[in-house]
Amino acid sequence: MKEVNITELERRFQEKIDNDIKIEPRDWMPEEYRQTLIRQISQHAHSEIVGMLPEGNWITRAPNLRRKAVLLAKVQDEAGHGLYLYSAVETLGADREATIDDLHTGKAKYSSIFNYPTTSWADMGSIGWLVDGAAIMNQVPICRCSYGPYARAMVRVCKEESFHQRQGFEIISLLAQGTPEQKAMAQESFNRFWWPAIMMFGPNDADSKHTAQSMKWKIKRNTNDELRQMFIDVTVPQAEMIGLTIPDKDLKFNKETGHYETGPIDWDEFWEVVKGNGPCNKERVDARRKAKEDGLWVREAAMAYAEKRKVKNAS
Amino acid sequence: MEKNTNLFEYVLRMGDDSLILGHRVSEWCGHGPILEEDIALTNISLDLIGQATNLLEYAGEIEGKGRDGDAIAFLRCDREYKNLLLVEQTNGDFGKTMMRQFFFDAFRRLLFERLLKSSDIQLAAIADKSLKETKYHLKHSSEWMIRLGDGTDESHSRIQDSLDSLWKYTNELFFMDEVDFSLIKEGIIPSMDGIQEEWLVYVTSILEEATLSIPTNNWKQEGGRIGKHTEHLGFILAELQYMQRAYPNMKW
Ligand SMILES: [Fe+2]
Ligand SMILES: [Fe+2]
Ligand SMILES: [Fe+2]
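Computed from a prediction, not measured in an experiment: that's the story for all the values here. Think of each chain on its own: its residues are numbered from 1, step by step along the sequence as written. The order in which chains are written sets their letters, starting at A; the order in which ligands are written sets their numbers, starting at 1. With the structure being a predicted model, the display of local features is reserved for residues of pLDDT at least 70 and the display and counting of side-chain atom pairs for 80 or more, all residues being used for whole-chain, interface and lining totals. In computing side-chain values, all of the structure's heavy atoms are included and hydrogens and water are not.

A. Structural context of the side chain of R100 of chain B. All names here are of chain B. Strands are runs of DSSP state E lasting at least 2 residues, helices are runs of H or I lasting at least 4, and numbering of each runs from the N terminus. Along the polypeptide, R100 turns up in helix 5 (residues 94-115). Burial classes: relative accessible area under 20% of the type maximum marks a residue as buried, over 50% as exposed, and values in between as partly exposed (1.4 Å probe, protein chains only). Counted as positive: Lys and Arg. Counted as negative: Asp and Glu. His and the chain ends are not counted at all. Salt bridge, as applied in this entry: a Lys or Arg side-chain nitrogen positioned within 4 Å of an Asp or Glu carboxyl oxygen. Buried R100, no salt bridge; nearest opposite-charge side chain is E27, N-O distance 6.5 Å. In what follows, a contact means two residues having at least one pair of non-hydrogen atoms within 4.5 Å. Each residue touching R100, except ones within four places of it in the same chain, is listed here: L21, R24, V25, L86, V87, Q89, T90, N91 and L166.

Structure representation (structure tokens):
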């Protein structure tokens, strides 16, 4: 009986995946599948939360009341995405606060795009348009991910991300078609965000060690390079349409393949930022750690009060 | 004409309260003590900015000089802002932010309830929309008063400090001058007298449950309603107005 052995369980597990049957929290799953998901979903959750900072940065300086409200709502959505994703992590038996502590000690990663500074209002446009745009490319396939809770969280998240993408594009196009100062602001921002945005899809397939296994498990449905290409093909014509210049002198359209081809991506920069040597890595993690430390007395008070209430109600 | 000038001033004062407090609360975004509170604070800020938009747009209409809500929100000098001193005070720790919010929410709820019956239809409509939000904000800030006051020794002493430092700004909530007197006479706004009493009853009951004590010292600070502010407002305006001042006359 005991010999419904691991190999048999694994075979049945893979069979479900091959038949597109979702894996649910109570189902048996290989430990490595569980760990991969915990790592990936918590990284995704951290990205949503750390991603609040570069945009939160501009709320008090938003140029008018409508933009201020839209930006507040957007950053609030990102916090909500973080919440659903942390809940999805918890279905795998991981503890939300423990994964957050891993972020604070530098053990857990998050999307390295958020280690770049937001130095102008136009960056609110670039982030919505490019960063949320790239996130959508990454996340739409995850709506079909083999793990049920993650797939369902993504369906909800993707709806909101496409709204973010549209409002970001609206900001940047208004600037790109505005006064000379506004055009310059838009172009300068685009110059800074273009390359980091296309690096958001991660290293080239040849250098991506987890891809093959993740594809087999249907945690990942497309390779990094496929997703990156889709993003470039969609984004280049948008930039051209609003009159922005792609900061890549080697960019060309290949008529035979129907795809744009970019110049070489600076992977050294990518790995440096991943390692922690980006312009704002320390500021971002410090800000999150400080929020948690400064909030300790508040969480303790809430727990102590709840405890007192319980005692009172029991007596 | 006289009525319009007074109504403009009154709506501006309310709009500025929402705008400046919304600005302050938005400074928390991304830095809250727990993710759920980060979301709640951002939501409160969003509501306040929405109220500010409705009120300042309306102020612009009453004024009739072609200024819209943005022109009023972003392009005045400091003495022309008429918000309460309370709302421009710094966030401090989470407890201080909640104490400031609690005083304000308790006041705003009573005010909006009465403004529902305003003879000015637009003001009554804004009150109707804002009252729902304000009730939620008040529930939230009241619950935090009790949790922090009756939580740990540390939280009790921190929140008591916030109460001590902010109490002196609460009298201004009930400020009245000729602007108010004439609008009260016309049935556009309620008298503050009943509001002040009810406010004190509510606030006292929550603070008692929170095991906190109201300062006996009666030192009061006011001036915001006539444009005399604390040092903090200038810094708020420096951020709030930055884009409009640095890049004038552009669409965003
Ligand atoms: Fe998001
Ligand atoms: Fe995302
Ligand atoms: Fe987003």
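B. Geometry of the coordination of the iron ion (ligand 2). Residues and elements named next belong to chain A. Note on donors: an N, O or S atom is included if it sits within 2.8 Å of the metal, or within 3.2 Å for Na, K and Ca, and water is never included, so sites can look incomplete. Protein-derived ligands of the iron ion (ligand 2) are E48 (OE) and Q139 (OE1), with the metal-ligand distances lying across 2.1 to 2.5 Å. Between the iron ion (ligand 2) and the iron ion (ligand 1), both coordinated by E48, there is a metal-metal distance of 3.5 Å. Highlighted residues: E48 in helix 2 (residues 31-50) and Q139 in helix 6 (residues 122-139), separated in sequence by 91 residues. On the basis of relative accessible area, E48 is assigned to the buried category, the value being 6%. When its relative accessible area of 5% is taken as the criterion, Q139 is described as buried.

C. Molecular detail of the coordination of the iron ion (ligand 1). Residues and elements named next belong to chain A. All of the protein donors around the iron ion (ligand 1) are E48 (OE), E78 (OE), H81 (ND1) and E161 (OE); their distances to the metal are 2.0 to 2.1 Å. Coordination at the iron ion (ligand 1) is tetrahedral: its four donor atoms span angles of 88 to 134° at the metal. In primary-sequence terms, the residues that donate to the iron ion (ligand 1) follow E-x29-E-x2-H-x79-E. The exposure class of E78 is buried, given its relative accessible area of 5%. Donor angles set the geometry label: tetrahedral for four donors if every angle is between 85 and 135 degrees, square planar for four and octahedral for six if opposite donors exceed 155 degrees and the others are between 65 and 115, irregular for anything else.

D. Region of the structure containing the packing of helix 5 of chain B against helix 9 (residues 192-209) of chain B. Residues and elements named next belong to chain B. Only C-alpha atoms enter the line fits that serve as axes; for helices the fit covers just the stretch in contact. Angles between N-to-C directions range over 0 to 180 degrees. Direction vectors running N to C along helix 5 and helix 9 enclose 140°, while the axes themselves pass 10 Å from each other. Judged by the inter-axis angle, helix 5 sits oblique to helix 9. Note that helix 5 runs across helix 9; the crossing there is right-handed. Residues M99, F102, F103, A106, F107, R109, L110, L111 and R114 of helix 5 pack against M192, G194, I195, E198, W199, Y202, V203, I206 and L207 of helix 9. Residues are grouped as follows: nonpolar covers Ala, Val, Leu, Ile, Met, Phe, Trp, Tyr, Cys and Pro; charged covers Asp, Glu, Lys and Arg; every other residue, Gly included, is treated as polar. Broken down by class, the residue content of the contact of helix 5 with helix 9 amounts to 14 nonpolar, one polar and three charged. Our angle categories are set so that under 35 degrees counts as roughly parallel, over 145 as roughly antiparallel, 65 to 115 as roughly perpendicular, and the remainder as oblique. Crossings are sorted by hand: turned counterclockwise from the far helix by less than a right angle, the near helix makes the crossing left-handed, and turned clockwise it makes it right-handed.

E. Layout of unusual backbone geometry. In this structure, T211 of chain B takes a positive phi of about 60° despite not being glycine. When you line up the elements, T211 of chain B lands in the loop between helix 9 and helix 10 (232-240).

F. Molecular detail of the layout of surface pockets. Cavities and pockets are found on a 1 Å grid laid over the protein atoms alone: a cavity is a set of points where a 1.4 Å probe fits but cannot escape, a pocket is an open set with protein on both sides within 12 Å along at least five of seven lines, and a lining residue has an atom within 4 Å of such a point. Grid points are joined across faces, edges and corners, and a volume is the space filled by probe spheres set on the points. If you add up the space inside the second largest pocket, you get close to 260 Å³. Lining the second largest pocket are 14 residues, and of these K290 and D294 of chain A together with W28, H31 and G92 of chain B lie nearest its centre. It is helix 12 (residues 281-294) of chain A that contributes the most residues to the lining of the second largest pocket, four residues altogether. Its residues assigned to classes, the lining of the second largest pocket comprises six nonpolar, four polar and four charged.

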